[in-house]
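Below are the chains, spelled out letter by letter.
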Amino acid sequence: MQRIAFQWSFVPILVFLGLWEIIARLWIENPALLPPFSNVIGECWRLLESGVLPRHFLRSLLRVIIGFVAGSAAGLFMGVLMGWKAAIHRTLHPVMSLIYPIPALGWLPVFMLWFGIGEMLPIAIIFTCSFFPMVYNTQTGIRSVDRNLVRAARTLGASDLKILTTILIPLALPNIFTGLRLESGMAWRVIIAAEMVAIPTGIGALLMRAESLVRLDIVIVCLMVLSLMCFCFERFFLFLERKTTGRWA
């Protein structure tokens, strides 16, 4: 049944692509306004063959991985501290509550002044958009663990480190993976905007160059790459979550 449902899930996509092709060829007089899907695929193949798309994609991928890993690690560490120690939570929670609602791209003017226009700019934006959701989800997961389990572990002589590594963090994993899934998709969404700011390489830079040349087919190729990477990253962490916590979550 699951296999049949999975196969049927492709039907709406195929219908959408078919309607796109028909409408673009029969009713759109200017192909620059809406190129047929077959033309977009052809342009995607040409960009792959020429090496233009792989070169820009790899630059974006490297920035996303560096910013995402650094932001997630820092957010995990801070979230564990805030969830485990009540004094740290009381001290930092008001500050986090003020900063967390600010969109990651809202920091773009600040980071432009701090880091200039270069490699650090998109990495800093991705770090920011990864850090705060990880802090929030991690500390929420740890604070939601039944404290009777902690008291029982202490009664049996478990140390703080043992309680943290064998009770709190494992039981907080569903929340942590939720944060990772949200961050991974958001990282690819903000990288485009960050790369549009006078950075010569990356998917966002390629998209802006295509827009200036009125090449909507290349713009759509860039958006397709963005959509595919958001989907792949989110599915990857969903797979890890099921493998890690699927038996007991």
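Further up the page is the structure itself.
What counts and what doesn't
- Residues numbered from 1 in each chain as written.
- Predicted model: local features only at pLDDT ≥ 70, side-chain atom pairs only at ≥ 80, totals over all residues.
- Heavy atoms only, no water.
- Helix = DSSP H or I, 4+ residues; strand = E, 2+ residues; numbered from the N terminus.
- Rg over C-alpha atoms; globule rule 2.2 N^0.38 Å.
- Contact = heavy atoms within 4.5 Å.
- Areas by Shrake-Rupley, 256 points an atom, 1.4 Å probe, with all protein chains shown as cover.
- Lys, Arg positive; Asp, Glu negative; His and termini not counted.
- Charge placed at Lys NZ, Arg CZ, Asp CG, Glu CD.
- 1 Å grid on protein atoms, 1.4 Å probe; cavity = no way out; pocket = protein on both sides within 12 Å on 5 of 7 lines; lining within 4 Å.
- Points joined across faces, edges and corners; volume = space filled by probe spheres on them.
- Salt bridge = Lys/Arg side-chain N within 4 Å of Asp/Glu carboxyl O.
- Buried < 20%, exposed > 50% of the residue type's maximum accessible area, 1.4 Å probe, protein only.
- Expected span 1.5 Å × (residues − 1).
- Arc of directions from axis to C-beta.
- Phe/Tyr/Trp six-rings, centres within 6.5 Å; stacked < 30°, edge-to-face > 60°.

Draft legend 1. Examining the overall build of the protein chain more closely. A count of helical and extended segments in the protein chain gives 11 helices and zero strands. Taken from the N to the C terminus, the helices and strands of the protein chain come in the order α-α-α-α-α-α-α-α-α-α-α. Since a compact globule built from 249 residues should have a radius of gyration of about 18 Å, the 22 Å found for the protein chain marks it as more spread out than a globular shape. In the protein chain, of all internal contacts separated by at least 6 residues, the share reaching a separation of at least 24 is 71%. When the accessible surface of the protein chain is split by element, carbon and sulfur atoms take 72% of a total near 14300 Å². Charge-centre separation for the protein chain: the mean point of 21 positive side chains lies 13 Å from the mean point of 13 negative side chains.

Draft legend 2. Structural context of the layout of surface pockets. Taken as a whole, the largest pocket holds about 460 Å³ of empty space. If you go around the largest pocket, you meet 13 residues; those closest to its centre are Ile13, Met224, Ser227, Leu228 and Phe231. Going through the elements one at a time, α2 (10-26) and α11 (216-245) are the ones with two or more residues in the lining of the largest pocket. The computed volume of the second largest pocket comes to approximately 230 Å³. In this structure, the second largest pocket is lined by 15 residues; those nearest its centre are Tyr100, Ala104, Cys129, Pro133 and Met186.

Draft legend 3. Representation of the pattern of salt bridges within the structure. The full count for this structure, using the stated rule, is nine salt bridges. As a salt-bridge pair, Glu21 and Arg25 come within 2.5 Å of each other at their nearest N and O atoms. Taken together, the residues span about one helical turn, with Glu21 and Arg25 both in helix α2 at a distance of four residues. The class of Glu21 is buried, set by a relative accessible area of 18%. Two residues, Arg46 and Glu43, come together in a salt bridge whose shortest N-O distance is 3.0 Å. Here Glu43 and Arg46 lie together in helix α3 (residues 37-50), a separation of three residues that amounts to about one turn.

Draft legend 4. Up close: the environment of Phe127. Turning to its location among the elements, Phe127 is positioned in helix α7 (residues 120-143). The exposure class assigned to Phe127 is partly exposed, which follows from its relative accessible area of 31%. For the pair Phe127 and Leu19, spaced 108 residues apart in sequence, the C-alpha to C-alpha distance is 39 Å. Excluding residues that lie within four positions of it along the chain, Phe127 makes contacts with Gly67, Ala70, Gly71 and Ala74.

Draft legend 5. Quick look at α2. The end-to-end C-alpha separation of α2 is 24 Å, in line with the 24 Å expected for 17 residues at 1.5 Å each. Regarding α2, the residues found buried are Leu17, Trp20, Glu21 and Ala24. Down the axis, α2 shows its buried residues gathered within 95° of arc, on one side only. The exposed residues of α2 that point more than 90 degrees off its buried face are Pro12 and Leu26.

Draft legend 6. The arrangement of the packing of aromatic side chains in detail. Counted by the stated rule, this structure contains 13 aromatic pairs. Residues Phe127 and Phe131 carry aromatic rings whose centres are separated by 5.9 Å and whose planes lie at 10° to one another, so their mutual orientation is stacked. Residue Phe127 and its partner Phe131 are both found in helix α7; the two are separated by four residues, about one turn of the helix. With a relative accessible area of 12%, Phe131 lands in the buried category. Taking 5.2 Å as the distance between ring centres and 70° as the angle between the ring planes, the aromatic pair formed by Phe236 and Phe237 counts as edge-to-face. Taking relative accessible area as the criterion, Phe237 reaches 9% and is therefore assigned buried.

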